[in-house]
Structures are given as C-alpha cells and as structure tokens.
Amino acid sequence: FMFILCACDIQRDNELAVLQRAYVFSDSENERDKIINQLEKYFINMPIPDSLIQKLNSEVDTLINTYNLGTLSQLENYRDENNIYLIEGKYYDQIKSKIIYLAKHGTVSYEEFDSVAHYLDNKLGINYWRSFYIEVNAFSREQAKYWLLAHAAAEKCKQYSDSYDKIKTALNYAVFGLQCLQHVNDERIRMDIYQRIQYALYKYFGYYELSGALGERYLVTCDDIGYKLRKNSIRCHIATAYFESGKLTEALSKFKSLITSLRENNTVPYTEWYLRNSLLNIADIYMWSGNYAHALAMCDTIENRDLSQSEKLSVYMIRGLIYRNLGNYETAEKKYNIALNIAEKSQDLENTIKLYNNFGYLFLKLSEYQKALQYFGNALIEIENNSPDSYDLKSNILLNMANVYMTMGNYTKADSILIQAQIILANLGTNPKGQADLLNMLGKYQTDIGQYEKAYINLCKADSTCDLNSLIKIGLNVKLNLAENLLLQQKYKDAERKISEVLSIADQIMDIERQIDAYAAMGRLRSIEGDYEQASHLSDLLISKIKQLSKGFMDVYRLIAYQQKINDYLKAAVEYDIHLNRMHSALVKLDIAKSMVFLHNNGHNKSYEFLSVSDVQNTIRNLKPDVQIIDYMLTNKHLYTFVLNNNGIELSGHSINYDSLKLDISNYLGSINNTINIFKNYNPENVDEHYRKTSAISHRVYKVLIGDCIKNIKTNSNSILYIIPDDYLHYIPFASLVVNNGEIPKFLIEETGIAYLPGLTFNKAQLSSNDSDKNNKIFLASDPSISNMNTFIEFLKKYEPGIHILNSSTEFYLKEDLLSEIENEYNIYIFAGHSYANSRNHGTSYIEMIVPTKKHDVNHKFQLSMQDVMDKNWDNAQLIFLLGCETGGGSLYKGMGISGLQSSFLLAGAKNVVASLWRIDAAQSLNQAGNFFKQYMQTDDFTISLRNMQINAIKKLKQNQYFRHAHPYFWGSFQITKNNY
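Because the structure is a prediction, the values reported are computed rather than measured.

(A) Up close: empty space enclosed by the protein. A complete count under the given rule lists six cavities of 30 Å³ or more for this structure. Lining the largest cavity are 17 residues, and of these H730, M896, I898, Q902 and T977 sit closest to its centre. Only α28 (583-599), α36 (901-907) and β18 (974-978) provide two or more residues apiece to the lining of the largest cavity. Among the residues making up the lining of the largest cavity, the classes are represented as nine nonpolar, seven polar and one charged.

(B) Focus on the nonpolar core. If you look at the biggest cluster of nonpolar residues, it comprises 167 residues, and the most contacted ones within it are F43 and I197. Apart from residues lying up to four places away in sequence, I197 is in contact with F43, L171, A174, L178 and L214. One finds V643, I678, I805 and L883 within the second-largest nonpolar core, a separate group that totals 98 residues.

(C) Region of the structure containing the packing of aromatic side chains. According to the stated counting rule, one finds 45 aromatic pairs in the structure shown. A centroid spacing of 4.8 Å and a plane angle of 20° characterise the contact between F359 and Y375, whose relative ring orientation is stacked. In this pair, F359 sits in helix α17 (residues 349-365) while Y375 sits in helix α18 (residues 369-386), placing the two residues 16 residues apart along the sequence. Note on F359: relative accessible area 0%, which makes it buried. Between W874 and F905, the ring centres sit 4.9 Å apart and the planes meet at 75°, which makes this aromatic pair edge-to-face. Of this pair, W874 sits in the loop between α35 (866-870) and β14 (879-882) while F905 sits in helix α36, placing them 31 residues apart in sequence. Look at W874 and you get buried, because its relative accessible area is 3%. A relative accessible area of 0% means that F905 is categorised as buried. Clustering of aromatic rings is evident, with ring pairs tying together Y91, Y92, Y128, W129, F132 and W147. It is K491 that lies over the ring of Y456; its NZ or CZ is 5.4 Å from the centre. Above the plane of the ring of Y826 lies K777, whose end atom (NZ or CZ) is 5.6 Å from the centre.

(D) Focus on the sheet that holds strand β12 (residues 846-852). Taken together, the three strands give an open sheet; going across it, the order is β11-β12-β13, and neighbouring strands pair in antiparallel fashion. Edge positions in the sheet fall to β11 (835-836) and β13 (859-865), since each has one partner strand and no second. By the bridge criterion, two bridges tie β11 to β12 in an arrangement that is antiparallel. Its bridge partner being in β12, Y836 is matched across the sheet by Y846. The strands touched by helix α34 (residues 815-822) are β12 and β13; relative to β13, the strand with the most contacts, the crossing angle is about 65°.

(E) Examining the pattern of salt bridges more closely. Inspection of every chain in the model, using the stated rule, returns 47 salt bridges. Close ionic contact of E750 with K958 constitutes a salt bridge, the shortest N to O distance being 3.4 Å. Of this pair, E750 sits in the loop between β6 (746-747) and β7 (753-756) while K958 sits in helix α38 (residues 942-959), and the two are 208 residues apart along the sequence. E750 gets classed as partly exposed once you look at its relative accessible area, which sits at 23%. Judged by its relative accessible area of 32%, K958 falls in the partly exposed class. When salt bridges with common partners are traced through the structure, they connect D463, D467, K479, K498 and E501 into a single cluster.

(F) Just the pairing of β18, in detail. By the criterion of burial, β18 is predominantly enclosed, with five of the five residues buried. Of the two faces of β18, the one carrying F974, I976 and K978 and the one carrying Q975 and T977 are both buried. Of the pairings in the sheet, the one linking strand β17 (residues 912-916) to β18 comprises five bridges and is antiparallel in character. Paired with A915 across the bridge in β18 is Q975.

(G) Highlighting the state of the cysteines. Under the counting rule described, the total for this entry stands at zero disulfides. You can see C460 has no disulfide; the closest cysteine sulfur is in C466, sitting 12 Å from it.

Reading the values: the criteria
Starting from 1, residues in each chain are numbered consecutively following that chain's sequence as written. Since the coordinates come from a predicted model, pLDDT governs what is reported: local features require at least 70, and pairs of side-chain atoms require 80 or more to be given and counted, while whole-chain, interface and lining totals use all residues. Side-chain calculation: all heavy atoms of the structure are included, whereas hydrogens and water are not. In the cavity and pocket records, a cavity denotes points on a 1 Å grid over the protein atoms alone where a 1.4 Å probe fits but cannot get out, a pocket denotes an open set with protein on both sides within 12 Å along at least 5 of 7 lines, and lining residues are residues with an atom within 4 Å of a point. Grid points are joined across faces, edges and corners, and a volume is the space filled by probe spheres set on the points. Runs of H or I in DSSP of at least four residues are treated as helices and runs of E of at least two as strands, each being numbered from the N terminus. Residues were grouped as follows: Ala, Val, Leu, Ile, Met, Phe, Trp, Tyr, Cys and Pro as nonpolar; Asp, Glu, Lys and Arg as charged; and all remaining residues, including Gly, as polar. Nonpolar core, defined: a set of buried Ala, Val, Leu, Ile, Met, Phe, Trp, Tyr and Cys residues in which side-chain atoms within 4.5 Å join the residues together. Categorising residues by exposure relies on relative accessible area from a 1.4 Å probe, with only protein chains included: less than 20% of the type maximum marks a residue as buried, more than 50% marks it as exposed, and the intermediate range marks it as partly exposed. Here a residue-residue contact requires only that any non-hydrogen atoms of the pair lie within 4.5 Å. Paired rings are identified among Phe, Tyr and Trp, the last through its six-membered ring, by centres lying within 6.5 Å, and are further divided according to the angle between planes into stacked (under 30 degrees), edge-to-face (over 60) and tilted (the rest). A positively charged side chain is recorded as over a ring if its NZ (Lys) or CZ (Arg) lies within 6 Å of the ring centre. The angle to the ring normal must also be within 35 degrees. Here, any two strands with at least 2 DSSP bridges between them count as paired. To get an axis, fit a line to the C-alpha atoms, keeping to the stretch in contact for a helix; angles then go from 0 to 180 degrees between the N-to-C directions. Within this document, salt bridges are pairs made up of a side-chain nitrogen of Lys or Arg and a carboxyl oxygen of Asp or Glu, the two lying within 4 Å of each other. Sulfur atoms of two cysteines make up a disulfide when they are within 2.5 Å.

If you want it as structure tokens, here you go:
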C-alpha cells in the first residue's frame, strides 16, 4: 500500500492559491463547479510522505493481526430503540468488526446485517445503509484493508487538525484516506475527511471561498445519505468561514439558519453543542459589529443553557470585551476575573494568555500603564513556557506593549518591541495567512502611531503575500490600510492607484462592503485635493451601494450595527455637498444617515421612501400651527445645523470642541438627575443654588446648539419646533434648555412646542400634523398598586367610556393571551406601570404588564420586551404613551439615535410615542398624563398637549414655596417622538 510522490510542496501550495483566485473571480456556476472538481483532484493527488504511509499500514496490520472476533452483541431489539443514531453507531461498529475479520481471514458472513440496513433506510429514512451493506458484502480481503486504512486516516486527520503546526500532517492523512476510498466506497468517511479539509482551508490558509464552496457541495451529499451529524458540522464551518472572513451579515444569516435546522432535528447527536456554539458565534458577531446591546442580550440567552466550563469562559470573555468597549471598565474587569478563574482552574492555556492580554489592554485604556505591562508580561511568560509557537498571539501582545510605551513617551522601548514583533515573521514563513495578518496588523499599528514609512514597508509585504497566495479577502483589507497610509503620507497618486485596485477587485467579486469602503476612501482623497464635485459624485455611488446592501438586512439590529461603520462615510458625503452649497442634496444624504434603519426595516415590510426637500418645504408651508425643523449633524470638529421653515433653508456650521460639548451635556443631565438628592436633604439655599447651577449649564448648551448658530428661529405659542438630533444630542431634553438665564430663567418649551423626528424626509405616507381621530379606541394597561391609578382610570373613562382596560376574567392567563389582546386595532395605547430601560443592554428593556383578575389579591405579571414590541404591527397606533421610568432610554447608536422601547414602537409602525428620559415618581407621572389627555381633548394635537402639560407644571412649580423653582427634573422628563410632521 505505497503511494507515489509528485510535485514539491511549494508548487502545490501555489496551485491551491491559483484555484482560490480562480474561484473568487469566476463569473458562472458551471465554472465554479469545475474549480471545485479541480480542488478535489488537488487533494487526491497530493504527495504523501512514505513514513506516514508506512506508519498507518503498520498500525492497521497490528489491528488486523491482534483482532479476535469473539461474540458480538446482536441488534435483535433494534426496532424498539428510539434513538436511531444509537442503532447506527452499533451497526457501524459491528460492520467494522466484520471488515477486520475479513482482512484477517479472507472470508466472513454478513447476512444478519441485511435486515438492520433495510430497517434503517426504509423505516427511518436514512437512504444509506442498504447500499453500504451491499458494498461491504462484496469487499475482497484487499478492499477490507483499504477501508480500514481510510477509516484510520480519517481518525488521524481529526486528531491532527487542531493547530497550524500539525495541519500538514492532518492533510496528509486526509489525502491518504481519500486515495484509499478510490478502491472502496464509504461516503460517510469521505464526508468526515472533506469536513476536515474544509476546516483547514479557512482556518489555516485563509481560503474562505474555497472552504465554503467545498462545504456547500458536500451538504448535498450529506442530505442524499441522511448524514445529519456531519451536515451540522459542515454548516457550522461554512458560517464560521464567513465570520472569519469579515462577512458578518452572511455569517449571521448562516448561523441563524443552522440554529433553525438544529431545532428541527434535535435528536441528532451533539445538537446542543452546535446550538450553543452557534449562539456564542452570534454573540461574537454582534460584538465585533458594534451592536453591543444585542450581543449582551445574546449572552443572556446563552447563559440560560447548560454550559460547559469553556463555554462559560467564552461568555464572560465576550461580556468583558463589550463592557470594555463601552467604557464600563469596572464591570469588564469583573467579567475578565471570572473568566480567568475558570481558565486557570481548567488549565486552559490559550484562553489564560488571551485574558492576560485583555487585562493588559483594559489597564492601558485606564492609563494604569505599569499594570498593563505586568499583564502583557505575564502573557509572554506563559507563551514562552508553554506555547512558544503561538506566534500570532505573541505578536499581538508585543504590539499592545509597544502601544503602552508609546503612550508613556518611551519611544526607544516601543521601537525595540516592534523589532521583536517583526522577528516573529521569520517563524511564519510557511503560513502565508498568519504572515499577512501579522504584517497587516503591524503596518496598521505603525500607521496609527505615525510611523508611516515603516508601516508602508510592512503593508506592502502583506499586500504582496496576499497577492502571491490569493488571499483575496485579507488582501482587500490590506490594500485599504495601505491606501490610508499613503493618504496620511500625502502620496495621493499612489493612494488613488491602490484604492482603484480595491474597487476593481471588489467589483469583480461583487464585494459590496469593500466597494463602499473604497468609494469612501476615494471621496476623501478627492476632498483633500479640493475636488468636491468628484467627491460628491463618489458619495452618490457609495450611497447607491449602501441602499443595495441595506435591503439585504432582514435583522434590523444587524442593520443598526452596520450603520455604526458607515455613519462617518455618510457624514463626509454631507460635508462634500455643503462645500458645493447644495443644501437639498446635503440634507437628503444626512437623512439617509439617520433614517436608514426605518427605510429598510424589512421585518415589517415598510414602504418608506425619501422625499425631496422641496416636498418637505411645500408641506410645512401649509401646516398649522407654524412648523420649523432643526436637523443637527455633529462631527469631531464641527456642528452643522439645518433649519427648515416656510422661508426656506438656513445652514449654520461652527467649529466646536466635541468633547467639551459632550461634557457639558453630561454635566447638565447629571445635575437634573441630582435634583431628587437635593430635595431629600432639603435646604432652601441648596435648592436655589442647585437651580442656578443647572440653569447656567442649560443656557450654555442652548447657546451652542441654538442661540449662537440659528439666526431666524421663530418662536410663539402656536409654533412647533421639530428636533432631529445627532450623536449624543439624543440625550438632551431640548424642552428644558434655558433660553434666557435671567433672574427667572425661561425655558425653550415656554416659547414653542417641541417634538422629535427620526429623520426629515423618509415617510411619504405621513405628511400631516393632525393627530385628531374622533373615533379613538384606547387601550390601557395599568398597575393597580400605583397610587392615584384609580383616579387616572376614572378620568379616562369620562373622556372615553369605551376604553379597554387590561384585565382577566380567569386565573389562567398566558403571555400569548396578552400579546393577542394587544393586537386588536386600538389607536391609543397607554402603558401605565413600571418599566426597565437598560442603557448598556437595550435588549433587556421591558414594560412590566400587570393583568388584574377578579380576585383582588391575584394578578398576572408579564414582561413586554423590545422583541415583543418589534414582533407586533403598530401601524394603527396614533399614540403610544409610556408612563414608566426611563422609557425613552436605551443604547445610543450612530445615525438612528437611542435604541430602546421608544424606538421599537416607532420602527414597528407607531405614529407618536411619548416616553420619559429619566426616573420620576409614578404618582407624579400619572398627574401629568391626566393633564396631557385633558389638553388633548381641547387641542386634538399630541405635541401641543404635551407642551401645555409641561407649561402648566412649570407654573405650579414656580408658585410653590417648597419647590421654589421650575426644576426640569419634575416636569421635563416626557418627550414626544413622531413619525410625521
């Protein structure tokens, strides 16, 4: 059983790279099929060392010579066994025993296996064992040994496929097994081997497309032979290949599809493991895509399952990374400590090293440099002592250490560490993917710290490595980093050539995300050169691609996450048109940046579309009361303010200190929230001083956002000012901003009505400010334990006798009943009870729903989550009034603003949502809500009703000797956000 050696490894490695490039650039399904055929031939013809062949032959000979058939356990009761996989396993083991016996003695009887094979195929629908039995029944003695060699090779391949250092050996065993299978046929062994090859292609070589295509081909075979276990493995690796290649959208879709399949086939072995693995990967995808809230929610889901220690460790590591990225360092440290404890107890060396590295980076962010260096040092010691070949991890740690020394100003030490990182490259000579990754990482880091020439050299090497080895996906990222480096070096022609190269490749392989990146980079280049006309044109192409890509997002939260990356691209596009004095075009592009989630909320099949700015102006000219719209855009250096009213468009652009304004707003909100503490320790002088300080900060914010930058704002009791915030401006209660900080401060709400809009032009079907509906159908969910609730209910009954009050006539009431009851076509919903809004993890936000029964001491309690809200259609809801605390809170995302309960109702179709920005007393909120609906009976306008409610509260507070002033905390929490003007 000797096999002939052929071409050298280097030539064959190049052949694999050629196949990868050919597949990526192929433009027909037929051509791609031919390439995968060549890929299979490549592995079947791959040379194998004589020593490996001799070793495996020797091991199989030993097995044959020492094997005694003995008495095998029979399968008489197989028809009573419910677990088909247990039957299959026993059947396979017995056939293996008979094949060993055949290889030893040259003859054996198989008749007793026929009925089992027939039962497995015809009764259980597997469609494999009958043909396999017939195949085995015809084996010669020589074929029996070929089968045993193939089986042993597949097991060895699995054993050696856990690291790059062993992967060559693993692949040699894989090839040996495939060559043996040319003499005998066992499709299950073939599937086992090809799954290992599929794994190696993406994990160690970076050939993601070849890996996925090979997997897709053998998914069909798995279906044909009923091999569901291997099908799950292959699908998991396809999804992981997408993830590791950076195609997060496709990876998310593949993992979700895999989860659906797993739940439909939950009797397959290891289903729970694949399910947990998929959920962990989805959490990872959300984290790396910047959707931290949804990643944390996924972690919550995972922790409800029965996890292994390594899986628990993974969850804590993901949580730690999220909290670190959110700036919640104390919580991140706690999660890392729990994870490190698990890693050390289970002697998980790889994750122990990663956690030391994570700790180091955490303390670097906290400016605790010596602690950071200590942890990085611990990681290096562990690597040197236990895993000296972990070059990629070691290089990452060295780069982080260099970052610490650079931050400390110790450039000599930083340079010496960077030299160490570069030395590692010598040990990655046979690993092109690892070499390209390290060079790219090193070059990007050197670019970030201003070492442009050194960075350029390393990025060029990475680029060359990618081109030589057909690492297309990695190569596009390298080329983009190289273009950024050239831009910073002001080598504009070279940068242009590199960006053009990215565009050419991305166009050929239809990589829309890289096209978007390249258009953004080229637009930036043109703007640097002062060619804003061309920059604007490129931004139009970029937006066209973004629209195309966005339509493919079926998960609204994934779209929100993707928007974090492209938001800066879109803002740059706005600035190009501002330079060209194209106000209408700039506004539309700004609206795309803010309204994209609403436009492509495919989960609810919305038909929103952009209007022209002229349409908007014509609409607001005819609206009564007078309408004005302020649309903000914040960049790192500028605050842009667009004002639309019946006079036209006014644009203001001012240089700002981004961090200083953010600090002022944070201090203002902190001062508002501190009001309750001032009143807990009541002292009139402290109350006065607190009010003065709060008003002073408020007025300073007002001057920056309105007073100093908007010349012709109109304010009167019949006007409405619509605010479209941006970035952290979403946190501001604009109604409470102090316009005139005299002896008696005057608030903006006293001058005009105020409402918020998600965007300017997006909803063509809702160009009306009339909230009136003479046939109101009101739904009320109330908590009877809240003080004054009965008074509030009686008031609403007088206003609308037909109001539906949530309750149950039976003690048996399920959440499904609640969701069904909400589904009825009401146009006003009032949720008067407690709520929970999590600014760190918006996915856990909920409204507490109390369903009273006839028995006064028995109430049902449910949580109406954000997902519950998103799963319902709220198109008929003219108003959602959320009376709980912080119902306007959640996680801040670029573009769309705060993602939470309020935004969920809007995304699901509600026209107006009133929510609270901070915690207020429940009885106080009921009084204000009662006043709101009293005003609505008179005005038929939700925005004016809210304004009148707040003005009434301001008057009462000013006249009250205890409160002494109109503290915004007591009246300014509620805000209204609308889907229409």
